Amino acid sequence: LNDGKTVIEGATFNKIVEYLTCHTVLDEHFKNVFLMTYTSFTTAPKLLRKLCQRFEVPATTPEADAKAIKNRVLVFCKYWLKYMSDEINDLEAEIVFKKFFGDPKNQESYKALWNMFENFLTSHHGQRVLVTNWSEPPPKAKIPKQLSPDQKLTLSDIDPEEVARQITIMTFNIYKQVKPTELLQQNWMKATDKSPHVIEMVTMFNQTAQWVATAILQQPLVRNRVKIYTRVVKIAQHLHELNNFHMLMAFISGLNNAAIARLKWTLEKLPKQAKETMQHLEQVMSMEGSYKRYRAAFAEASPPCIPYFGVHLSDLVFIEEGNPRMIKNMINFVRYNFIGDVIRTVQKFQIGQPNLEEVPIVQATISTLPRVEEKQLFELSLTCEPRNADRVD
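Residues numbered from 1 in each chain as written. Predicted model: local features only at pLDDT ≥ 70, side-chain atom pairs only at ≥ 80, totals over all residues. Heavy atoms only, no water.

Locating E268 in the fold gives a position in helix α13 (residues 264-268). In the structure, E268 is positioned 42 residues away from V226 in sequence and 9.3 Å away in space, judged by C-alpha atoms. (Helix = DSSP H or I, 4+ residues; strand = E, 2+ residues; numbered from the N terminus.)

Right, dumping it as structure tokens:
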């Protein structure tokens, strides 16, 4: 017990299913953690078979208890189906249940379950509902004047706040699709098909950091590098204001690239305000104390908000590598409670759609900004400011 509540630290799979469908205990937290993490230690078909076994209540069970247990199995299955449909995909739910109930004997033996499944398929369409009922219209987009359809924009043509807005829309469109299963078993390091949206978030981070550094280093003159650097800092500041922590960290990463950090003459000529803003943003996202300032800011944030995935993916790796799957032939549910907490944190703001207007031409410009690899970045840096140079123009 913990504060008067039952806490499952370890159990066999049979006991877990029994607890999930217990007619005398309703543990919503346990159920939610189980649904988020069960694919780490079992499969959907095995879970369905166990639930059907649980549905076959022993004849010695009092009639009232037997009826209550069967009802709890039905309730759990309905919740599970909805979860699979919302958080995994409709096809997964159909495949698992249709394969089992494709056998007429199973349809007859578990008629109530079969009827529930049929009703679910005809009534439910899995899709997370986004909160979009804003009381006010989105702020007017800051689009360059006299913009022709085929005009090509550069980073300097677009207002920094609008760049931050469009980056936030693009980031959120990926973030909202991240499923709990993508965050299990370090799948994002192993197979793209199991964590497609997490990998998209990581890719977007890396590409953004690259184009941020590239945009500065492509300027041969100090004064132009200063202008671009200052503009990039302004974009980062607006990303912070929009609670887009993921892309804020990408900008900081780009600005802290070794090829940028060595530009002595460029950094010396930065405006005082740009330096102070950059210092503040670095403090917010500092690694100090396991990102304690970021964690505090994220905990207090209101939607819309996008978490910095790097922190939470590291948390998941630490949990999985520091806590065994099994303890004394029992599933270590403490491990999965920890994992469930991180997944809930990551998903916290997925339904909070940003109240912003999409500007396709700006998004297209951002998506096609030039990027060069690390080695080339350093070569550009040496061209801009050669080693041991007394002064550059």
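A word on the pattern of salt bridges. Applying the stated criterion to the full structure yields 10 salt bridges. Salt-bridge contacts for E18 lead to K15; the nearest nitrogen and oxygen are separated by 3.7 Å. Residue E18 and its partner K15 are located together in helix α1 (residues 13-20), separated by three residues, close to a single helical turn. Classification of E18 by relative accessible area gives partly exposed; the value is 36%. D341 serves as the salt-bridge partner of R344, at 2.3 Å between the closest nitrogen and oxygen. Residue R344 and its partner D341 are located together in helix α17 (residues 333-347), separated by three residues, close to a single helical turn. We classify R344 as partly exposed; its relative accessible area is 32%. Among the ionic contacts, a cluster of salt bridges with common partners joins K142, E161, E162 and R165. (Salt bridge = Lys/Arg side-chain N within 4 Å of Asp/Glu carboxyl O. Buried < 20%, exposed > 50% of the residue type's maximum accessible area, 1.4 Å probe, protein only.)

For the rest of this paragraph, the subject is the nonpolar core. Ranked by size, the top nonpolar core spans 117 residues in total, and within it F34, W80 and I167 carry the most contacts. Looking at this core, the element that brings in the most residues is helix α9 (residues 196-217), giving 10 residues. If sequence neighbours within four positions are ignored, I167 has contacts with M204, W211, I235, L239, N244, M247, F251 and I366. (Core = buried A, V, L, I, M, F, W, Y, C linked by side-chain atoms within 4.5 Å. Contact = heavy atoms within 4.5 Å.)

The next point concerns the state of the cysteines. Evaluated as defined, the whole model comprises zero disulfides. With no disulfide of its own, C77 lies 6.8 Å from the sulfur of C52, the closest cysteine sulfur. When its relative accessible area of 0% is taken as the criterion, C77 is described as buried. (Disulfide = S-S within 2.5 Å.)

Read these as layout, nothing more, since geometry by itself doesn't imply function.
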